[in-house]
Amino acid sequence: MMAEPTSTTDVWVSGTEAPEVSEWMVAGTDEGAQEMERDETIERGVEQRGARVVDDWVVDDTVDDEERMIVNMGPQHPSTHGVLRLNIELEGEIVRRVKPIIGYLHTGMEKTAETLTYLQGGTNVTRMDYLAPLQNELCYSLAVEKLLGVEIPPRAQAIRILMTELNRVSSHLVATATNGMDIGALSMMMYGFRERELILAFFEKTTGLRMNHNYIRPGGVAADLPDGWEEDVAEILERIPRAMADYEDLLKENPIWIGRTRGVGIITADECLAYGVTGPTLRAAGVPWDLRKAQPYSGIEAYDFDVVTGSRGDVYDRYRVRIGEMHQSLRIVEQVAAAMPRGDYKTGDRKVSPPPRQRIDESMEALIHHFKIYTEGFKVPAGETYVAIEAPRGELGCYLVSDGSGAPLRMHTRAPSFSNLQALPIMMADSLVADTVACIASLDPVMGDVDR
Amino acid sequence: MSGDSLPGPVAGSDEMLASLGEAVPSAEADRSTGDDVIRVPARDLARLAEAARAGGFEMCSDITVVDYLGVRRVRFEVVVNLLSLQHNRRLRILVPVPEGDPEVPSLVPVYPGANFMEREAYDMFGIRFAGHPDLTRILMPDDWVGHPLRRDFDVGAVPVQFKAAHRVR
């Protein structure tokens, strides 16, 4: 799938030395995972690795107070990708300690979820990670369905995979675009959003909305794919890889880009695991962990794709991993579109799914049934469960507790951005202040996901 | 729903659960909606987490709390979700916590990533995590009164409690 390496800066060399990780990690990479070459000479990386897995937010008395300066970055800084505030302790140009301060976008969505029925819950969770709304809906729906124990028809599962993988591409496009913008590659910003528009237009055609779709619901999806969806998907599959070749021309071997990203914001595999960091950040550190492979959902195990990993865990590797994942997601989309099963787009289980429209016209019972499902909602058996899927930012989990009524007793979202943000002090410790925005952008935090 | 299309832990041998039971005799292994769960009293939580980490659970993916007000005799339950990448399985630790003494040991010394999650649990439910390095509010403003995700915390008509709000008028 990848082009042959053309120069020494090309990192897509398979068969090079494996990352220095445990045996089982290496064993997991043979499913076509691409490893990048290792560069042992990054002194600054070694220095940063000195930031071991401890919270070092303590005052160091050996430094004179006059040399130390505490700078507040945000919550309105354009490069913090939302309302993130960072307390940064500087010694000259060197960042010594960072403390993320969050909560500016907290809207109590977990509390709201307790007042909504299971069917309404999708409108709530879709607003958490607003760049990956479909993944949020899918995770929530899977948790509800696990408690309900309902069967999801193959077409609904395939539509879910099609939509969530397209969502992963659109989310990674934003991540790459804003990463470019923050480091000064302004045209990357235009390109990324231009291509994202293609996918959002398809989402609008399918779901009615560009974001906050409430399309994936417990029991299936809200509507079937629109007429002519094959042509739209074919256009996406044709135009986005072509545009991504442009990004590669722009950034991959760009010496300024490489200078600003390589060896910057390093986080090791051990640190990722200790801090609960998942997603592209973990994979860029060399761990081939992808829930789509490890704990597959919605029949994604039926499609061929590779887990893309890096080896250095720096900003450049995270950018490369995202680009690679976009190619892999498009590969999945191509396979789903080619083999879209026929059949229902939602479950036939009448406990969860309302009766078809024409039944309502002829049957009083069907009308009552329809009314009750949309007013009272359906009852979910008492129990608790945790379901996790691979969102663009990492492990997105939903912990759902039902007391047997029509609304959850507790709905908790394990937000990937929330955990990933803990890695920021590790990445930024002892780096240059100019690298701060590169680190934040490469982590790709979505504050709606962090604060919920 | 067919089992193979659901996310969830791969069914493994229960030797690991047995070894955890040996390390912490008060822990009770159980199954809940197809997942492995362990119930443990609060005093043994840290010991169980250490044993689990030694047993291959590298990552603490989530910590949260459920308020069983009016449902159970013991009001709160702390829920710790552990993930083992090498064994590809999950383990959920359930810790009942009474309302009168809402304190459990902090897992930050074992899993540094528990930091934010425990702060969130403290902020939202008022559970104290003994030994946490910086147990402060994380999502709500510092001077907020009450713990909003408790079920007796009303949803509507909360007076504005932001700092210096009166000065704006």
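Anyway, here's the lowdown on the structure attached to this text. (Residues numbered from 1 in each chain as written. Chains lettered and ligands numbered in written order. Predicted model: local features only at pLDDT ≥ 70, side-chain atom pairs only at ≥ 80, totals over all residues. Heavy atoms only, no water.)

A short note on the sheet that holds strand S2 (residues 35–39) of chain B
Residue and element names in this part refer to chain B.
- The five strands are arranged S1-S2-S5-S4-S3 in an open sheet whose pairing can be described as mixed. Of all strands in the sheet, those bounded by a partner on one side alone are strand S1 (28–32) and strand S3 (59–67). The average angle at which neighbouring strand axes cross in this sheet is 25 degrees, direction not considered.
- Relative to strand S5 (residues 89–97), helix H1 (residues 15–23) is tilted by about 35 degrees, and along the sheet it contacts S1, S2 and S5. (Pairing = 2+ DSSP bridges. Helix = DSSP H or I, 4+ residues; strand = E, 2+ residues; numbered from the N terminus. Axes fitted to C-alpha atoms, helices over the stretch in contact; angles between N-to-C directions. Contact = heavy atoms within 4.5 Å.)

Things to note about helix H7 (residues 186–207) of chain A
Residue and element names in this part refer to chain A.
- With 22 residues, H7 extends 31 Å between its outermost C-alpha atoms, agreeing within 8% with the 32 Å of an ideal straight helix rising 1.5 Å per residue.
- All buried positions along H7 are accounted for by Met188, Met189, Gly192, Glu195, Arg196, Leu198, Ile199, Leu200, Phe202, Phe203, Thr206 and Thr207.
- Buried residues along H7 sit in contact with helix H5 (133–148), helix H6 (154–183) and helix H8 (229–252).
- Note on H7: the residue one or two positions beyond its end, Gly208, has a positive phi of about 95 degrees. (Expected span 1.5 Å × (residues − 1). Buried < 20%, exposed > 50% of the residue type's maximum accessible area, 1.4 Å probe, protein only.)

Some remarks on the packing of H7 of chain A against H8 of chain A
Residues and elements named next belong to chain A.
- Closest axis-to-axis distance for the H7/H8 pair is 10 Å, and the angle between their directions is 170 degrees. The orientation of H7 relative to H8 falls into the category roughly antiparallel. Each of Ser187, Met188, Tyr191, Gly192, Arg194, Glu195, Leu198, Ile199, Phe202 and Lys205 in H7 lies in contact with H8, whose residues at this interface are Trp229, Asp232, Val233, Glu235, Ile236, Arg239, Ile240, Ala243, Tyr247, Leu250 and Leu251.
- Of the residues that constitute the contact of H7 with H8, the class distribution is 13 nonpolar, two polar and six charged. (Parallel < 35°, antiparallel > 145°, perpendicular 65-115°, else oblique. Nonpolar A, V, L, I, M, F, W, Y, C, P; charged D, E, K, R; others polar.)

Points about the interface of chain B and chain A
- Every contact between the two is made by 56 residues of chain B and, on the other side, 58 residues of chain A.
- Across the chain B/chain A interface, buried area totals approximately 4600 Å², and carbon plus sulfur atoms make up 57% of it.
- Where chain B packs against chain A, one counts six salt bridges.
- The partner of Glu395 of chain A in a salt bridge is Arg90 of chain B, with the nearest N and O atoms 3.0 Å apart.
- Remark: the boundary between chain B and chain A carries 22 residue pairs in polar contact (both at pLDDT 80 or more).
- Taken together, the elements giving at least two residues each to the side of chain B that touches chain A come down to S2, S3, strand S4 (76–84), S5 and helix H3 (114–125) of chain B.
- The dominant element in the side of chain B that touches chain A, judged by the number of residues it contributes, is S3 of chain B, at nine residues. (Buried area = accessible area lost by both parts, 1.4 Å probe. Salt bridge = Lys/Arg side-chain N within 4 Å of Asp/Glu carboxyl O. Polar contact = N/O pair within 3.5 Å; in protein donor to acceptor, adjacent residues only side chain to side chain.)

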